[in-house]
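Now for the letters of each chain:
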Amino acid sequence: MKNNFIAIFALIISSCSSLPKKITNSECIFPTDNTYPGGLINYSLDSIKSEVGENLKLGDLIFATCKSDSQFIVLAPIPLSYKENKVQVTFSNKVVASIPLQNKAYRESRIEIQNKSLVNPPEVMQDRIKEEYIQGQKAKNILTRRGSKQVMMNKPLVGIISSEFGVRRFINNQPRNRHIGLDIAATEGTPVKVPLKGEVILEGNFFYKGNVIYLDHGDGLVSSYSHLKSKRVTLGQEVSEGDILGYVGSTGRVTGPHLHWEVFYLGIPINPEIFLKELY
Ligand SMILES: [Zn+2]
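Cut-offs applied
Residues numbered from 1 in each chain as written. Predicted model: local features only at pLDDT ≥ 70, side-chain atom pairs only at ≥ 80, totals over all residues. Heavy atoms only, no water. Helix = DSSP H or I, 4+ residues; strand = E, 2+ residues; numbered from the N terminus. Buried < 20%, exposed > 50% of the residue type's maximum accessible area, 1.4 Å probe, protein only. Contact = heavy atoms within 4.5 Å. Salt bridge = Lys/Arg side-chain N within 4 Å of Asp/Glu carboxyl O. Donors = N, O, S within 2.8 Å, 3.2 Å for Na, K, Ca; no water. Tetrahedral: all angles 85-135°; square planar, octahedral: opposite > 155°, others 65-115°. Expected span 1.5 Å × (residues − 1). Arc of directions from axis to C-beta. Pairing = 2+ DSSP bridges.

Right, let's get into the side chain of Asn 34. As for its placement among the helices and strands, Asn 34 is situated in the loop between helix H1 (2-14) and strand S1 (40-44). Note on Asn 34: relative accessible area 15%, which makes it buried. If sequence neighbours within four positions are ignored, Asn 34 has contacts with Gly 39, Leu 40, Ile 78 and Ile 274.

A few words on the pattern of salt bridges. Should their charged atoms come close, side chains of opposite charge can pair. Applying the stated criterion to the full structure yields six salt bridges. Between Glu 278 and Lys 155 there is a salt bridge, and its shortest N-O distance comes to 3.8 Å. In this pair, Glu 278 is assigned in the segment after strand S17 (268-270) and Lys 155 in the loop between helix H4 (126-140) and strand S6 (160-163), connecting sequence segments 123 residues apart. Residue Glu 278 is classed as exposed on the basis of its relative accessible area of 55%. Look at Lys 155 and you get partly exposed, because its relative accessible area is 30%. The residue Lys 231 makes a salt bridge to Glu 203 at a minimum N-O spacing of 2.6 Å. Within this pair, whereas Lys 231 is found in strand S13 (residues 221-231), its partner Glu 203 is found in strand S11 (residues 198-206), the two being separated by 28 residues in sequence.

In this section: the side chain of Lys 209. Residue placement: Lys 209 occurs in the loop between S11 and strand S12 (210-218). When sequence neighbours within four positions are dropped, the list of residues in contact with Lys 209 reads Tyr 214, Ser 226, His 227, Thr 251, Gly 252 and Glu 262.

Attention shifts here to the coordination of the zinc ion. In this structure, His 179 (NE2), Asp 183 (OD), Asp 183 (OD) and His 260 (ND1) serve as the protein donors to the zinc ion, at separations of 2.0 to 2.8 Å. Metal-centred angles of 52 to 151° between the four donor atoms at the zinc ion mark the site as irregular. Classification of His 179 by relative accessible area gives buried; the value is 2%. Given a relative accessible area of 10%, Asp 183 falls into the buried group.

Take H4 next. Along its 15 residues, H4 runs 21 Å from first to last C-alpha, staying within 8% of the 21 Å computed at 1.5 Å per residue. Within H4, the full set of buried residues consists of Ile 129, Glu 132, Gly 136, Ala 139 and Lys 140. For H4, the angular spread of the buried residues around the axis is 85°, confining them to a single face. Those residues of H4 that are exposed and angled more than 90 degrees off the buried face are Asp 127, Lys 130 and Lys 138. Here the buried face of H4 lies against S11, S12, S13 and strand S16 (258-265).

Right, let's get into the pairing of S12. Where burial is concerned, most of S12 is hidden: nine out of the nine residues are buried. Inspection of the sheet shows S11 paired to S12 by seven bridges, in the antiparallel sense. When the sheet's bridge partners are listed, Asn 205 is paired in S12 with Asn 211. In sequence, S11 turns back onto S12 through a hairpin of three residues.

Let us now look at the sheet that holds strand S8 (residues 174-175). Reading across the sheet, the three strands line up as S5-S7-S8 and stay open at both edges, with mixed pairing between neighbours. On the outer flanks of this sheet lie strand S5 (108-111) and S8, each paired with one strand and no other.

As structure tokens, this is what we get:
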């Protein structure tokens, strides 16, 4: 994983086409540094300018923009599974910066379920689950250029957080997948609104996620909305902040009505709270 991560960074910095036009700092509204697994590094390339000089160019993989002619902000996702205590920034195979990471203690959730058929999905569902997994993987890895300079999000709904991002889940003492979304509980039928403009790139009724919608916000930022009672948008639709995506429900594998909200950056799940203009 370490190598993969460094490769992402190297690609961001070294793949290129042309330098961006001058943009003032106030135009670039990005999340602040959250230097822990499940977070984001917000790194100014200004500090390595002397190392890379005129050779520094920005490529398709950058979800970033400049503060001035010569200073750039790079956002880099840190996977939940990342184990090292630092991230090294490389350029032309040379380490030009080392960013220390913090520890983040994610909560553990342990539940006991006696009925085995509730723990593991029935065999006849396996093909469907696999196909839906592939569709989700494809959606979260979409990378389109939009040149976004403002990526902070509004709350998708009014509600209370019922499960945080990153929770380590165990069922009958068996480790399950980490919780890579934020659960926001609300009354069934509560409107779920678009937190940041984007395009509907996937919608369906999935075994685990129930009624689900994926939005592409551009430049590697994708979000998804699960367990909806119903959907109000269609595939390919461009949506704006505040538009109603659908309504809170309990479709798919859930115990009660809530929104399971995921945010991906370059395909890596990031704590959605990092993008919120105002916290729950
Ligand atoms: Zn969830």
